[in-house]
Amino acid sequence: MTASTTQMKVRIGIGSVGLRPEDPGAEFDEFVDALESRGIDSLWLPDLVSAGGVDAVTGMAWAAARTRSLKVGTGVIVLPGRNPAVLASQLATLAVLAPKRILPAFGVRAATPAERQLYPVDGVRAEVFEEALVVLRRLLCEPEVTHHGTHFTLDGASVNPRPARPLDLWLGGRAEVGLRRVGRLADGWLGSFLTPDEAARARVTISDAAREAGREIEEDHYGTNVTLVLPGTSEDRVTAMLRRSAEQRPDVDPEQLLARGWDGARTRIRQFVEGGLTKFVVRPAGPVADWPAFLDQFRTELGPLET
């Protein structure tokens, strides 16, 4: 572990998985309560409309209202196809009601073709994304915004209430153009489907792009998702995860993108930390039958890695 990373805060949160269809509300409540009672750092909700999970923005609001210390984030909100002013108002209100606990991260498009059709965009998606992000940030930071752009026009627009401290806006992405966008426009990065070596190189790319743009991203604002496969996970589920990894990264052995067991998760997180990452979202590869028991083991196995 490098000298610089030993001084930064390593934090490990949990990414939610699909809920049982027979009683999703009760399961989500049990899940959130167990996170809070065990002092888990954060809960991260994917922006998936049709996958059987809790809506990202609504779920953040519910979880924040039900807890007092748990941080809640998104991994990641698809911004193109949404009204950035309405989203800014939602996030600003959440940040006022739950100060320092709202962690939004954004992406250019949904992960699957089935989800992508739900976010239609009139224009080049990457261009719409960048302009929407600028509008979103200005509305979260400025008392009044006038913006005449290619895709959005605002005259004297504002959102109220606004948080006393502007929200940090994180982005996903792993392609070169996306990483450089993080450096130019964002406050942090949450990667996915990357090996530790790739993540370390991505961090350098982001930092270089920020410096070239006259900006600076805080040293501990780099993180990634970690997919955890525990013993007992069904072979069908593991096969599905390997297939998804191969679809996302056909150039990489899909096994390199998974952590097998708690030992594998510890090893993988330590490798990422060596490369300068300090924020992690652990996502179980399959449904969890007993969240309290899982989180007890999570604290025992991964809690000592936090600093």
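Rules of the game
Residues numbered from 1 in each chain as written. Predicted model: local features only at pLDDT ≥ 70, side-chain atom pairs only at ≥ 80, totals over all residues. Heavy atoms only, no water. Pairing = 2+ DSSP bridges. Helix = DSSP H or I, 4+ residues; strand = E, 2+ residues; numbered from the N terminus. Buried < 20%, exposed > 50% of the residue type's maximum accessible area, 1.4 Å probe, protein only. Polar contact = N/O pair within 3.5 Å; in protein donor to acceptor, adjacent residues only side chain to side chain. Contact = heavy atoms within 4.5 Å. Right-handed = clockwise from strand over helix to strand, strands pointing away. Axes fitted to C-alpha atoms, helices over the stretch in contact; angles between N-to-C directions. Parallel < 35°, antiparallel > 145°, perpendicular 65-115°, else oblique. Left-handed = near helix turned anticlockwise from the far one by under 90°. Nonpolar A, V, L, I, M, F, W, Y, C, P; charged D, E, K, R; others polar.

Student: Describe the pairing of strand β8 (residues 153-157), naming the residues involved and giving the relevant values.
Tutor: In terms of strand pairing, strand β7 (residues 145-148) meets β8 through 3 bridges, oriented antiparallel. Paired with Val145 across the strands is Ala157, a residue of β8. The loop that links β7 with its antiparallel partner β8 comprises 4 residues.

Student: I'd like to hear about the side chain of Arg181, residue by residue, with values.
Tutor: Looking at the element boundaries, Arg181 is found in helix α7 (residues 176-185). Its relative accessible area of 7% is what places Arg181 among the buried residues. Within polar-contact distance, the side chain of Arg181 engages the side chain of Glu130 at 2.9 Å. Aside from chain neighbours lying at most four places away, what touches Arg181 is Val108, Ala126, Phe129, Glu130, Leu171 and Ala186.

Student: Tell me about the pairing of strand β10 (residues 188-191), and name the residues and values.
Tutor: Taking every second residue as pointing to the same face, both faces of β10 are buried, with Gly188 and Leu190 on one and Trp189 and Gly191 on the other. Following the chain from strand β9 (residues 170-171) across α7 to the adjacent parallel β10, one finds a crossover that is right-handed. Note: β10 against strand β11 (residues 222-229), 3 bridges, orientation parallel. Considered in β11, the bridge of Gly191 is made with Thr224.

Student: Tell me about the packing of helix α2 (residues 24-37) against helix α11 (residues 291-302), residues and numbers included.
Tutor: To describe two helices that pack against each other, one gives the angle between their axes and the distance between the axes. It is at 9 Å that the axes of α2 and α11 come closest, and there the two elements cross at 25°. Between α2 and α11, the crossing angle belongs to the class labelled roughly parallel. Crossing of α2 against α11: the hand is right-handed. Between α2 and α11, the contacting residues are Glu27, Glu30, Phe31, Ala34 and Leu35 on the first element and Trp291, Pro292 and Leu295 on the second. Class assignment for the residues of the contact of α2 with α11 results in 6 nonpolar, no polar and 2 charged.

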